[in-house]
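# Report on the structure
These are the residues of each chain, in order.
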Amino acid sequence: MIQPRAWLLLPAFSAVLAFAAPLISAQTLQTALRFGALVDGKGGVLTDAVVVVENDTIVSVGSGSKAVPKGSRLIDLRRYTAIPGLIDVHTHMTYYWDQRPGTRPLAQAPRLPAVTVFLAQENARKTLETGVTTVRDLGASEYNDIAMRDLINRGSMPGPRMFVSGFGLSKVRTPPRPGAPPGAPRGRITDSLDIPVAVKAQVDAGADWIKMYGSTGTYADTSGTETFSYEEMRSAVEAAHRAGKRIAIHSYGPDGGRDAVRAGAESLEHATDLGDSTLALMVQRGTYYVPTIDHNRFYAENRIPFGFTAEQAAGLDAYRARNFETARRAFKAGVMFAMGSDAVYTMFGENTRELGFFVSLGMTPAQALATATTNAADLLGLPGKLGAIAPGYYADIVAVEGNPLADINVVVQRVRWVMKAGAVVVDRRR
């Protein structure tokens, strides 16, 4: 029975129900995606595939009309092949260059962090257009990467899911600015005792990963001289693991690469000329190799805007050849690979070109695709949520035109539609 005067609340209550009903139905509405074929990322291929998505999660994968739930919203993608959302495990998303005349990527005027993050939305958009729905971002200034990750996570900015590292730990030979605590917050190390302090600074700031620069080498510098000793790398690894974080170590040369693997890094970035014993240890320990072969192609081809000389470009080309040969040997030895572009500035939108190098060094298209799906998800510690199209996984799904298991360029050049976490973020269907 309605209590006295309770009837006064009925209009308001009815209004609330009327407002809430569309929201409730929208939350529970299932979307059925129908593809000509599906490569699920786990070795399976399905024709006339139907993927059912609810909110941000895949709830079922089936085939034919019978797999389309009654009352679901249907998106007909039967002209295309579905692959899992791709993962780029080495980016620098907040490195942005607006290409204004008279400017260069490495000589831009300093910007406020908020401006940098805002402008970097273009890099995020271009990354999604390549079918990359998740990135591991390995280094940014002023914790811009953490801000960008958080804005994307709250839905305030479009972009791939980001796992970030804050400032990379690097050796410096000059004292820190007056009053700065040792090793914090920028991760610059002047003494071995600073390493755990610098790791903690990144963790406290909100970093998902720790990044360490184990050698020289960046842009046109391909020197690869080791900068941290094995003991120092081990200190960083132990500090990261105590905090529940994984660590990626950058090394252009074999010495830093060897010691990074010995120290227990989860991934080794860039390294060339690795010895057979180092490759064997990587296999034994399950260390991931992220060779980033294509990024030196990018620098060499864009030497003029970067201000590099012809001699520097030739050095980049020579380094890339060594990088490729090391990767070929690593693959032959059984090392695990994950795809990383090392995208910076105007390289976003080319994130997946690395896959072409992987096929050239001996991988099948399926093996190359795994480096950007199941392997990358394993490296990130999310093998049950990312890197495959299966029930319980995030609804990160890419539609490509053609057969990616016959031609890897289908993945690199023919992305037509992208869903991230159940939302369509790219639609270039013709």
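Only a predicted model underlies this, so the values are computations on that prediction, with no experimental measurement involved.

### Some points on the overall build of the protein
- Each helix and strand counted, the protein has 15 helices and 17 strands in total.
- Within the span of the protein, comprising 430 residues, buried residues form 51% of the whole.
- When contacts within the protein are restricted to residue pairs at least 6 apart in sequence, long-range pairs at least 24 apart make up 67% of them.
- Counting only carbon and sulfur atoms, one obtains 55% of the accessible surface of the protein, whose full area is about 18500 Å².

### Thoughts on the packing of helix 8 (residues 276–285) against helix 11 (residues 310–333)
- Two elements in contact, helix 8 and helix 11, have axes separated by 10 Å at closest approach and are oriented at 50°. Judged by the inter-axis angle, helix 8 sits oblique to helix 11. Crossing geometry of helix 8 relative to helix 11 is assigned as right-handed. Of helix 11, the residues touching helix 8 (which contributes Asp276, Leu279 and Val283) are Arg329, Ala330 and Ala333.
- Residue composition of the contact of helix 8 with helix 11, grouped by class: four nonpolar, no polar and two charged.

### Notes on the sheet that holds strand 5 (residues 86–91)
- In spatial order, the strands read 5-6-7; together these three strands make up an open sheet with parallel pairing. Across the chains shown, the open sheet's two edge strands, defined by having one partner strand only, are strand 5 and strand 7 (161–164). Pairs of neighbouring strands in the sheet enclose a mean axial angle of 20°, with direction left out of account.
- Taken together, the four bridges between strand 5 and strand 6 (residues 132–137) define a ladder with parallel strand orientation. Each residue of the ladder has a partner; that of Thr91, found in strand 6, is Asp137.
- Contacts from helix 4 (residues 144–153) reach strand 6 and strand 7 within the one sheet, and its direction differs from that of strand 7 by about 150°.

### Section: the packing of aromatic side chains
- On inspection of all chains with the given rule, the structure shows 14 aromatic pairs.
- Plain terms: the ring middles of Tyr299 and Phe308 are 6.4 Å apart, the flat faces sit at 75° to each other, and that makes the pair edge-to-face.
- Residue class for Tyr299 comes out buried when judged on its relative accessible area of 2%.
- According to the relative accessible area criterion, Phe308 is buried, its value standing at 8%.

### A few points about the sheet that holds strand 17 (residues 423–427)
- One open sheet accounts for seven strands, arranged 3-2-1-4-15-16-17; its pairing is mixed. The open sheet has two free edges, formed respectively by strand 3 (57–63) and strand 17, since each of these has just one partner strand. Each strand of the sheet is rotated relative to its neighbour by a mean of 35°, with strand direction disregarded.
- Relative to strand 15 (residues 397–400), strand 4 (residues 73–84) runs antiparallel, the two sharing four bridges. Residue pairing in the sheet places Ile83 in a bridge with Val398 of strand 15.

### Some words on the environment of Met282
- Tracing the chain through its elements places Met282 in helix 8.
- Counting along the chain gives 54 residues from Met282 to Met336, while the straight-line C-alpha distance between them is 8.0 Å.
- The contact partners of Met282, leaving out residues within four places of it in the chain, are Val261, Leu268, Leu274, Thr287, Tyr288, Tyr289 and Val335.

### Comments concerning the pairing of strand 7
- Residues Arg161 and Phe163 point to one face of strand 7 and Met162 and Val164 to the other, with burial holding for every one of them.
- Regarding topology, helix 4 serves as the crossover connection from strand 6 to the parallel strand 7, and that connection is right-handed.

### Some remarks on helix 6 (residues 230–242)
- In this model helix 6 runs 18 Å from its N-terminal to its C-terminal C-alpha over 13 residues, within 8% of the 18 Å that 1.5 Å per residue would give.
- Taken residue by residue, helix 6 has Glu232, Met233, Ser235, Ala236, Val237, Ala239 and Ala240 as its buried positions.
- Of the residues one or two after helix 6, Gly244 is the one with positive phi, at around 80°.

### What to know about the pairing of strand 1 (residues 30–39)
- Within strand 1, eight of the 10 residues are buried, leaving the element largely enclosed by the surrounding structure.
- Relative to strand 2 (residues 45–54), strand 1 is paired through nine bridges, and the arrangement is antiparallel. Pairing of Ala32 across the sheet is with Val52, part of strand 2.
- The antiparallel pairing of strand 1 with strand 2 creates a hairpin that spans five residues between the two strands, and Gly41 there sits at a positive phi of about 90°.
- Of the pairings in the sheet, the one linking strand 1 to strand 4 comprises seven bridges and is parallel in character. Bridge pairing links Ala32 to Leu74 in strand 4.

### Notes on helix 7 (residues 254–263)
- Every buried residue belonging to helix 7 is among Gly256, Gly257, Asp259, Ala260, Val261 and Ala263, and all of these are buried.
- Turning to helix 7, the residues buried within the fold contact helix 6, strand 11 (246–250), strand 12 (267–269) and helix 8.
- A positive backbone phi angle near 105° is found at Gly264, which sits one or two residues after helix 7.

Conventions we followed
Residues numbered from 1 in each chain as written. Predicted model: local features only at pLDDT ≥ 70, side-chain atom pairs only at ≥ 80, totals over all residues. Heavy atoms only, no water. Helix = DSSP H or I, 4+ residues; strand = E, 2+ residues; numbered from the N terminus. Buried < 20%, exposed > 50% of the residue type's maximum accessible area, 1.4 Å probe, protein only. Contact = heavy atoms within 4.5 Å. Areas by Shrake-Rupley, 256 points an atom, 1.4 Å probe, with all protein chains shown as cover. Axes fitted to C-alpha atoms, helices over the stretch in contact; angles between N-to-C directions. Parallel < 35°, antiparallel > 145°, perpendicular 65-115°, else oblique. Left-handed = near helix turned anticlockwise from the far one by under 90°. Nonpolar A, V, L, I, M, F, W, Y, C, P; charged D, E, K, R; others polar. Pairing = 2+ DSSP bridges. Phe/Tyr/Trp six-rings, centres within 6.5 Å; stacked < 30°, edge-to-face > 60°. Right-handed = clockwise from strand over helix to strand, strands pointing away. Expected span 1.5 Å × (residues − 1).

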